[in-house]
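Inside the fold
Below are the chains, spelled out letter by letter.
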Amino acid sequence: MKSVEVNFDGLVGPTHNYAGLSYGNVASLNNAASYSNPKEAVLQGLAKMKAMHDLGLTQGVFAPHARPDINVLRRLGFTGTAEQVISKAFKADPVLVRACYSASSMWTANAGTVSPSADTLDGKVHFTAANLNNKFHRSLEPQTTTRLLKAMFNNDDYFSHHTHLPDQGFFGDEGAANHTRLGDEHGEQGLELFVYGASAFNSALPKPSKFPARQTLEASQAICRLHQLKPSSQLMIQQNPDVIDQGVFHNDVIAVGNANVLLCHQQAFLNQSHALQQIKNAYMGNKTLHIIEVPTAKVSVQDAVTSYLFNSQLVSLKNGKMLLVAPHECKNNQAVNSYIEEMIMADNPVDQVQFFDLKQSMQNGGGPACLRLRVALNQPELAAVNPAVILNDSKYQQLCDWANKHYRDKLSNDDFADPNLLIESYNALDELTQHLELGAVYPFQLEG
Ligand SMILES: N=C(N)NCCC[C@H](NC(=O)CCC(=O)O)C(=O)O
């Protein structure tokens, strides 16, 4: 049966800002003092979505979360009306307020893990929202993510939704950023590669010493159980702890897979040659598996982290070719740009590159692949997806108009004390749920 991979890109929310919240994510820390441009950010993301649609790919839209999260501020002891809560909290702790305003749900590679029906024993597509418990601002995401996923994939015959894993570091789960799938075709049974940063229970396994490992082995194992993954469809690989300490906070900052291609840095995995052999042995396709291992001598780990080469998307085009969807930063880095040119000429399926300006997201450590959640679907499953979240030319125009109407083009620290920002943000999102036909998904809609 013909299957497609749909990329559901996170629409950047109206309160996108740089608050320096993600210890271990170099860009987030480096840009903490910068002001942001939410309008530019959302339009940059939409331009990438439109380009994918224009290439003939099926492109989805994943709505942002309601920010600020007033409920968590109340839970932390701030009282009164929403305006009073913001005002008191801002006086007490501006960084806390900015965390509650974070638009981090834009990085939908962290929204959850998805297992296509070809890999699961019950033949359903399984979804588990990531608990993202390693960072406070991201730990606010899983409930709304689950509601959004249910509003997008609302059919029990095809889709199975699970509660996020326990909110605790032992089960730290960052979703598809540490998960990739290899196979000849999207519709055939594939090999799901789970890349964990550390084990919570097995102290014999190495850990990074400086920055946190956000994904645990135990979390990935739990996802396999929940998703009823066929044993031959699952493989656990440990990320190289040394590169986590150099700013590779998710595996998708050092490796990306698509169909029969795995593009990874030479230092991506622990005991790399053994890890790659395990992958080759477990690969179940008939085509040749191309492992493109980028040597440190050509692209250093630092270049990988600053350019986000491995956070490019690899997409299979209708004409059978494979495209690298890379951020502009790759073009501007001489070593990386030369490597891309060499890779495209070499004997492997990747034969094109397109660069995108995603600077607003990149400055928080989010490249092209961070912005999308991949869902492989067969035709009946695709037909069961909420059609209002699939991009077409008029939806693109509608969303650009919506963003131009509601978004500010500059946010700096003091703006977060302004109660109008809350009102503007909620109004924009309320309208968006109508454009995307999501029903009531946000706490401010559910609580009245
Ligand atoms: N690699 C993937 N898949 N996703 C990138 C996520 C970036 C995000 N940045 C932030 O949350 C920064 C927010 C701030 O500092 O304001 C994070 O660290 O979780």
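These numbers come from a predicted model, not from an experiment.

Quick notes on the rules
- Residues numbered from 1 in each chain as written.
- Predicted model: local features only at pLDDT ≥ 70, side-chain atom pairs only at ≥ 80, totals over all residues.
- Helix = DSSP H or I, 4+ residues; strand = E, 2+ residues; numbered from the N terminus.
- Buried ≥ 20, exposed ≤ 12 C-beta atoms within 10 Å, placed from the backbone.
- Near = placed C-beta within 6 Å.
- Nonpolar A, V, L, I, M, F, W, Y, C, P; charged D, E, K, R; others polar.
- Core = buried A, V, L, I, M, F, W, Y, C linked by C-beta atoms within 7 Å.
- Contact = placed C-beta atoms within 7 Å.
- pLDDT = per-residue confidence, 0-100.
- Pairing = 2+ DSSP bridges.
- Axes fitted to C-alpha atoms, helices over the stretch in contact; angles between N-to-C directions.
- Arc of directions from axis to C-beta.
- Parallel < 35°, antiparallel > 145°, perpendicular 65-115°, else oblique.
- UniProt positions renumbered as here; feature names shortened; annotations may be inferred.

Here Arg67 and Pro68 are connected by a cis peptide whose omega angle stands at 10°. Summarising the element assignment, Pro68 is placed in the loop between strand 2 (59-62) and helix 3 (70-75). The backbone of Ala259 sits at a positive phi, close to 50°, despite the residue not being glycine. One non-glycine residue with positive phi stands out, namely Glu437, at about 45°. Mapped onto the secondary structure, Glu437 falls in the loop between helix 17 (419-435) and helix 18 (443-446). When the 12 C-beta atoms within 10 Å are taken as the criterion, Glu437 is described as exposed.

Near the ligand lie 23 residues; those nearest to it are Ser22, Ser28, Ala109, Ala177 and Cys370. For the shell around the ligand, the per-class residue count stands at eight nonpolar, twelve polar and three charged.

Before going further, it helps to examine the nonpolar core. By size, the foremost hydrophobic cluster in this structure holds 104 residues, and its most contacted members are Val61 and Ile254. Sequence-distant contacts of Val61, that is, excluding residues within four places in its chain, are made with Phe8, Asp9, Leu11, Met49, Val389, Leu391, Leu399 and Leu436. Leu73, Val85, Phe90 and Tyr101 belong to the second largest nonpolar core, which has 16 residues in total.

This paragraph deals with the confidence of the model for the chain. On average, residues of the chain score 97 in pLDDT, and 100% of them are at 70 or above. Across the predicted assembly, pTM comes out at 0.98 and ipTM at 0.99.

In spatial order, the strands read 6-7-8; together these three strands make up an open sheet with mixed pairing. Edge positions in the sheet fall to strand 6 (179-182) and strand 8 (234-238), since each has one partner strand and no second. Between one strand and the next, the sheet's axes are offset by a mean angle of 25°, whatever the strand orientation. As defined by bridge partners, strand 6 adjoins strand 7 (residues 191-196) across four bridges and the pair is classed as antiparallel. Bridge assignment links His179 to a residue of strand 7, and that residue is Phe194. In this fold helix 10 (residues 272-282) packs onto strand 7 and strand 8, with an angle of close to 175° to the strand it touches most, strand 8.

Those residues of helix 8 (residues 217-226) that sit buried are Leu217, Ala219, Ser220, Ile223 and Cys224. One face of helix 8 carries all of its buried residues, which in axial projection span an arc of 165°. Elements in contact with the buried residues of helix 8: strand 3 (112-115), strand 4 (125-129), strand 7 and strand 8. After helix 8 finishes, the residue Gln228 shows a positive phi value of roughly 50°.

Between helix 2 (residues 38-54) and helix 16 (residues 393-406), the shortest axis-to-axis distance is 10 Å and the interhelical angle comes to 175°. Between helix 2 and helix 16, the angle is such that the two are roughly antiparallel. Contacts from Lys39, Val42, Leu43, Leu46 and Lys50 of helix 2 reach helix 16 at Tyr396, Leu399, Cys400 and Ala403. Looking at the contact of helix 2 with helix 16 residue by residue, the class counts come to seven nonpolar, no polar and two charged.

Turning next to the UniProt feature "active site" (unreviewed entry) in the chain. Within this numbering scheme, the UniProt entry marks Glu174, His250 and Cys370 as carrying the feature "active site" (unreviewed entry). A stretch of 197 residues holds the annotated residues, and the largest C-alpha distance among them is 11.1 Å, short enough that they meet in one place. With respect to the secondary-structure elements, Glu174 resides in the loop between strand 5 (159-162) and strand 6. What makes Glu174 buried here is the crowd of 31 C-beta atoms within 10 Å. Beyond its immediate sequence surroundings of up to four residues, Glu174 is in contact with Asn110, Ala130, Leu132, Arg214, Gln215 and His250. Summarising the element assignment, His250 is placed in the loop between helix 9 (241-244) and strand 9 (255-258). A tally of 28 C-beta atoms within 10 Å means that His250 is categorised as buried. If we ignore the near neighbours within four places in the chain, the residues touching His250 are Glu174, Ala177, Asn178 and Arg214.

Quick look at the sheet that holds strand 2 now. Across the sheet, which stays open at both edges, the three strands sit in the order 2-1-15 with mixed pairing between neighbours. In the strand order of this sheet, the two ends are held by strand 2 and strand 15 (372-378), each with one partner. Across the sheet, the mean angle separating the axes of adjacent strands is 30° when strand polarity is ignored. Note that strand 1 (residues 3-10) and strand 15 share seven bridges and pair antiparallel. In the sheet register, Ser3 faces strand 15, and the bridge partner there is Asn378.

Next up on the list: the environment of Arg147. With respect to the element layout, Arg147 can be found in helix 7 (residues 142-152). Residue Arg147 is classed as buried on the basis of its 21 C-beta neighbours within 10 Å.

Moving on: the environment of Ser117. On the secondary structure map, Ser117 appears in the loop between strand 3 and strand 4. C-beta crowding within 10 Å serves as the criterion here: with 22 such atoms nearby, Ser117 is assigned to the buried category. Through-space distance from the C-alpha of Ser117 to that of Val256 is 21 Å; in sequence the pair is 139 residues apart.

Let us now look at the environment of Ala428. Structurally, Ala428 is set in helix 17. In this structure Ala428 comes out as buried when scored by C-beta crowding, with 21 C-beta atoms within 10 Å. Residues Ala428 and Gly56 lie 372 residues apart in sequence; the distance between their C-alpha atoms is 29 Å. Discounting chain neighbours no more than four positions away, the residues touching Ala428 are Pro14 and His406.

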